[in-house]
2 protein chains.
Amino acid sequence: MPYYIGDVIKEEKRLIARTPEKFRDTGIDVKLNTSAEGIDADKGIVRLSDGTAIPYDTLILGTGASAFIPKIPGVELEGVFSLKKLDDAIQIKNFINNKECRKAIIVGAGFIGMEMSEALRVRGIETQVIDLLPRPAIRWDPEFSKVILEELTRQNVIFSGETGIVSIEKGMDFRLRMKSTRGEMDADIIIIAIGIRPNTKLAHELGLQIGKSGAIQVNFSQRTSKEGVYAVGDCCEVYHRVSHRWVHIPLGDVANKQGRVAGRNVAGGTMIFPGVVGAQSFKLFSLEVAATGLDEAEALNSGYHPVSNIIWGNAIARAMPGEKRLGLKLVADRASGKLLGAQAVGTLGAVNRINALSCALWTGIALDEIAYLDFAYAPPVGPAWDPIHIAAQELMRKL
Amino acid sequence: MPYYIGDVIKEEKRLIARTPEKFRDTGIDVKLNTSAEGIDADKGIVRLSDGTAIPYDTLILGTGASAFIPKIPGVELEGVFSLKKLDDAIQIKNFINNKECRKAIIVGAGFIGMEMSEALRVRGIETQVIDLLPRPAIRWDPEFSKVILEELTRQNVIFSGETGIVSIEKGMDFRLRMKSTRGEMDADIIIIAIGIRPNTKLAHELGLQIGKSGAIQVNFSQRTSKEGVYAVGDCCEVYHRVSHRWVHIPLGDVANKQGRVAGRNVAGGTMIFPGVVGAQSFKLFSLEVAATGLDEAEALNSGYHPVSNIIWGNAIARAMPGEKRLGLKLVADRASGKLLGAQAVGTLGAVNRINALSCALWTGIALDEIAYLDFAYAPPVGPAWDPIHIAAQELMRKL
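Model, not experiment: these values are computed from the prediction.

> What exactly am I supposed to notice about the overall build of chain A here?
Along the backbone of chain A there are ten helices and 22 strands. Overall, chain A is about 65 × 60 × 40 Å in size when its C-alpha atoms are taken along their principal axes. Split into buried and exposed, the 399 residues of chain A put 46% on the buried side. In chain A, the proportion of contacts linking residues at least 24 apart, taken out of those at least 6 apart, comes to 60%.

Below you can see the structure in the form of structure tokens.
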């Protein structure tokens, strides 16, 4: 539930409402509010929650993922939420609108935790984020986590690192009282955002191969290990073009693309999903935070020989007024000179750089080319030597 | 002199002031305010404007380009300016600060004309732009010129197309009176911005090969046709990686890169300039306008079989508040399926897309890959299906 949640809820409701109409006269029967309770692969039948069953020749699993909820006392109390589905967002919104919410605790400082901290602060709610790890947004370099932490502090969001949730009980002055590994804290609302798990119950029933990531194994056509059964979205793996491994990166844009590829193949076409480079981002108040490719640990793990640097440059020409500081980290392979990953943080232009570098990663070009790439230069949109050029040139000296 | 001119002037002055200090103790003698009046190639001597002469083994020409001034009556009158050098900007600024300037005419609706229109309007000066061509920013598709024209109109800048300058004379109520092919107009200041020409006088004296573009021919090492003589920046050509031709694209970022390549080679290193893809942009009030690669005419001229489309999408997720409409045009080659060029216009994200597509052009990937590139997705920074994906998928259907 990031700050734009109201608009997103409206948009999602609009899309869902349009669904039956969109499929009318297509011969496709769309059953909303109906879940698949079980599959009989031998008979080729899916049993539905409304008691009926439907036969299939081809099956596409888009079972998604669910928020991981730790088994701790009190997690079922009113005021404790997770955020994965549209319904979660609606429930949180209604709760905030209708009940007194003075203080919030967010458990987990990943994407959802960060976006939620903004959403709650914007509503005027005192907000604290706790995480087992020592710093927020662990995917990013410690130097960038510091910038993220500064932004949280500037916005009066308290971050408590190396802190785990132990239990929740009803409170006195506040609705809830949370016991953590570092003492007790009050809250009117608690959001648990410590990651998601792919929904693989049906896949297990079908005997599908599950990858090391815990998500369903698929091939480039989105087909699972079983003939005629496909999987797409948060429930399945995706090919990473930099590590050349199958990983679990549950993001909305990836799910959209996989859905189209599976649909095309099922409908008799031929199409492969070319994979991802791990591009991702979130916005935190005035900060853009983005990354792509591998970090050093992932690179090492894949057998690369990572070397990296961080530069602080300007997103637009130095002569331009306004805040424009941009941090850019590059990771390259000492053996091949190829770019392996990038991270950026700043009030402007971080996503811009990560998108360009995602395209560079996609094609596998080396640092010496990245150092001289041609970008649209004009003082209000970028410096003559872009931070990308500067970072790549500096990193080349370390190869 | 775009709107940020004051800051740019300050920055440039600061850089120039620092130059002697930066080169102190390097053994390099920097002569400011001194021009090369002639070169004696046989003797290996450059004659300077201060009457002295210096010998050389290696010569690097960075003679730049000059604004093209048409030979019309009155062009030398006080209040008529062009804008190429720092001094031009300072003179225009002083003129506006010290003299009454109620009305301005800008001759030429290219980059400089567009940026100047904003600079003058921001100062409260009534501004009219004329151009021989029917629409502003002719590099862009007519559909995008329309958006540019709408922005000009919204900002009270008058545009008069198919209008040429005939002569200028002293005025009565206003300082100047300009005769155009469509009648007479008043102005206190006139800016001539109808393009630049490379400064090749010294190159001609040296007998260097000049390219079809009128700029000095160089090779990938920035060497001219003569051993030991190099050229960089606005005076020389550059290799275009999409047309595979040598062209004249006088931009500051290209000049910077060429300077470094020449310096490296002259100093005994080995380095080539890998060329450009034609990325360019300008900002016009609230609008980002950017392009890269070839347009249809350039593509045809290079022997490609161009096919193109324009889509109107959103720079960020539709659910997000605020203006976010983005126009994106792609040009591809029907024979190879490769992207050849792109243009974008919008209040947000136009440069972001053009930079990513510049990287795609650099590597020469085809539309079917561009249609599934992995970008950093999050609703506040981009839609799940990016305008790039949508445009590429639509254009593939036309191949």
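Picking up after the structure, the text goes on.
> Is there a simple way to think about the relation of the copies chain B and chain A in this case?
The two chain copies are connected by a rotation around an axis plus a translation along it. For the match of chain B to chain A, the screw axis carries a shift of 0.0 Å, the RMSD comes to 0.0 Å, and the turn is 180°. Taken together, the turn and the small shift mark the pair as related by a two-fold rotation axis. Measuring from the rotation axis to each C-alpha of chain B, the shortest distance belongs to Ala-356 of chain B, at 2.0 Å. A share of 100% of interface residues in chain B that are also interface residues in chain A marks the association as one of identical surfaces.

> Is there a simple way to explain the interface of chain B and chain A in this structure?
Taken together, the contact between chain B and chain A spans 48 residues of the former and 48 residues of the latter. When contributions to the side of chain B that touches chain A are tallied by element, the ones reaching two or more residues are helix 1 (5-23), helix 6 (252-266), strand 18 (280-284), strand 19 (287-293) and helix 8 (350-363) of chain B. Of the residues that constitute the side of chain B that touches chain A, the class distribution is 30 nonpolar, nine polar and nine charged.

> Even after reading the chapter, I still don't get the domain arrangement of chain A, so can you show me in this structure?
For interface size, the figure often reported is the accessible area lost on association. Looking at chain A, the domain boundaries give domain 1 (34-66 + 197-266), domain 2 (69-194) and domain 3 (280-396). Centre-to-centre, using C-alpha coordinates, domain 1 of chain A lies 31 Å away from domain 2 of chain A.

> What is the right way to look at the sheet that holds strand 2 (residues 45-48) of chain B in this model?
Strand-to-strand pairing in sheets goes through backbone hydrogen bonds, with the strands running parallel or antiparallel. Residue and element names in this part refer to chain B. Read from one edge of the open sheet, three strands run 1-2-3, paired in antiparallel fashion. The outermost strands of the open sheet, each flanked by one partner alone, are strand 1 (36-40) and strand 3 (53-55). Ignoring which end each strand starts from, the neighbouring axes of this sheet average 20° apart.

> For this particular structure, what's the right way to read the pairing of strand 13 (residues 189-192) of chain B?
Each regular strand displays side chains that alternate between the two surfaces of the sheet. Residues and elements named next belong to chain B. Burial along strand 13 is two-sided: the residues Ile-189 and Ile-191 and Ile-190 and Ile-192 are all buried. The pairing of strand 6 (residues 80-82) with strand 13 spans three bridges and is parallel. When the bridges of strand 13 are listed, Val-80 appears paired with Ile-190. Sheet topology note: the strand 7 (residues 103-107)/strand 13 ladder contains four bridges and is parallel. Within strand 13, the residue paired with Ile-105 across the bridge is Ile-190.

> What is the right way to look at helix 3 (residues 111-122) of chain B in this model?
One full turn of an α-helix is made of 3.6 residues, so residues set three or four places apart face in the same direction. All names here are of chain B. Over its twelve residues, helix 3 runs 17 Å from end to end, which matches the ideal 16 Å to within 8%, given 1.5 Å per residue. Within helix 3, ten of the twelve residues are buried, which leaves the element mostly enclosed by the surrounding structure. For helix 3, the full list of buried residues reads Phe-111, Ile-112, Gly-113, Met-114, Glu-115, Met-116, Ser-117, Glu-118, Ala-119 and Leu-120. Just downstream of helix 3, Gly-124 is the residue with a positive phi angle, here 85°.

> How do you make sense of the sheet that holds strand 22 (residues 339-346) of chain B when you look at a structure like this?
Residues and elements named next belong to chain B. With antiparallel pairing, five strands are arranged side by side in an open sheet as 18-19-22-21-20. Bordering the open sheet on either side are strand 18 and strand 20 (306-314), each of which pairs with just one other strand. Here the strands of the sheet are splayed against their neighbours by 10° on average, with no regard to which way each runs. Alignment of strand 18 against strand 19, held across five bridges, turns out to be antiparallel. Across the sheet, the residue bridging to Ser-281 is Ala-290, located in strand 19. Contacts from helix 8 reach strand 18, strand 19, strand 21 (325-333) and strand 22 within the one sheet, and its direction differs from that of strand 19 by about 10°.

> What exactly am I supposed to notice about the environment of Leu-328 of chain B here?
Residue and element names in this part refer to chain B. If you trace the backbone, Leu-328 turns up in strand 21. Since 27 C-beta atoms lie within 10 Å of it, Leu-328 is described here as buried. C-alpha separation for the pair Leu-328 and His-204, spaced 124 residues apart in sequence, amounts to 42 Å. With near-sequence residues (within four places) excluded, Leu-328 lies in contact with Ile-311, Gly-313, Ala-342, Ala-344, Arg-353, Pro-387, Ile-388 and Ala-391.

> Can you walk me through the environment of Phe-174 of chain B in this structure?
Secondary-structure assignment places Phe-174 of chain B in the loop between strand 10 (165-170) and strand 11 (176-180). Residue Phe-174 of chain B is classed as partly exposed on the basis of its C-beta count, with 19 C-beta atoms lying within 10 Å.

> Mind showing me how you'd approach helix 4 (residues 142-154) of chain B here?
All names here are of chain B. Taking 1.5 Å of rise per residue, the 13 residues of helix 4 would be expected to cover 18 Å, and the 18 Å separating its terminal C-alpha atoms lies within 8% of that figure. All of the buried residues in helix 4 are Phe-144, Ser-145, Val-147, Ile-148, Glu-151 and Leu-152. In a view along the axis of helix 4, the buried residues occupy a sector of 155°, so they form one face of it. Exposed and oriented more than 90 degrees from the buried face of helix 4 are Pro-142, Glu-150, Thr-153 and Arg-154. On its buried face, helix 4 is in contact with helix 3, strand 9 (157-160), strand 18, strand 19, strand 21 and strand 22.

> Teacher, can you tell me more about the pairing of strand 7 of chain B here?
All names here are of chain B. Burial of strand 7 is extensive: five of the five residues sit out of reach of the surface. Judged by which residues are buried, strand 7 turns out to be covered on both faces: Lys-103, Ile-105 and Val-107 on one side and Ala-104 and Ile-106 on the other are all buried. The pairing of strand 7 with strand 8 (residues 126-130) spans five bridges and is classified as parallel. Its bridge partner being in strand 8, Val-107 is matched across the sheet by Ile-130. After leaving strand 7, the chain enters helix 3 and then returns to the sheet as strand 8, a path that is right-handed.

> I'm lost on unusual backbone geometry in this one. Help?
Trans peptide bonds make up most of the peptide bonds, and negative phi angles are found at most residues other than glycine. Unusually for a residue other than glycine, His-244 of chain A sits at a positive phi of about 55°. Among the secondary structure elements, His-244 of chain A is positioned in the loop between strand 16 (238-240) and strand 17 (245-247). The exposed category is assigned to His-244 of chain A, around which 10 C-beta atoms lie within 10 Å. Here Asn-156 of chain B, not a glycine, exhibits a phi torsion of approximately 60°, which is positive. By the secondary structure assignment, Asn-156 of chain B is in the loop between helix 4 and strand 9.

> I'm lost on the packing of helix 8 (residues 350-363) of chain A against helix 8 of chain B in this one. Help?
Any two packed helices are characterised by how steeply their axes cross, that is the angle between the axes, and by the distance between the axes. It is the contact of helix 8 of chain A with helix 8 of chain B, at a shortest axis distance of 8 Å, that shows an interaxial angle of 20°. Taken together, helix 8 of chain A and helix 8 of chain B sit at an angle that is classed as roughly parallel. Relative to helix 8 of chain B, helix 8 of chain A is oriented so that their crossing is right-handed. Every residue of helix 8 of chain B that contacts helix 8 of chain A at Val-351, Asn-352, Asn-355, Ala-356, Cys-359, Ala-360 and Thr-363 of chain A is listed here: Val-351, Asn-352, Asn-355, Ala-356, Cys-359, Ala-360 and Thr-363 of chain B. Residue composition of the contact of helix 8 of chain A with helix 8 of chain B, grouped by class: eight nonpolar, six polar and no charged.

> How should the environment of Met-172 of chain B be read in this particular structure?
Mapped onto the fold, Met-172 of chain B is located in the loop between strand 10 and strand 11. Along the primary structure Met-172 of chain B and Val-277 of chain B are separated by 105 residues, whereas in three dimensions their C-alpha atoms are 49 Å apart.

Parameters and conventions
- Residues numbered from 1 in each chain as written.
- Chains lettered and ligands numbered in written order.
- Predicted model: local features only at pLDDT ≥ 70, side-chain atom pairs only at ≥ 80, totals over all residues.
- Helix = DSSP H or I, 4+ residues; strand = E, 2+ residues; numbered from the N terminus.
- Buried ≥ 20, exposed ≤ 12 C-beta atoms within 10 Å, placed from the backbone.
- Contact = placed C-beta atoms within 7 Å.
- Least-squares fit on C-alpha atoms with pLDDT ≥ 70 in both.
- Nonpolar A, V, L, I, M, F, W, Y, C, P; charged D, E, K, R; others polar.
- Domains from an automatic or database assignment.
- Pairing = 2+ DSSP bridges.
- Axes fitted to C-alpha atoms, helices over the stretch in contact; angles between N-to-C directions.
- Expected span 1.5 Å × (residues − 1).
- Arc of directions from axis to C-beta.
- Right-handed = clockwise from strand over helix to strand, strands pointing away.
- Parallel < 35°, antiparallel > 145°, perpendicular 65-115°, else oblique.
- Left-handed = near helix turned anticlockwise from the far one by under 90°.

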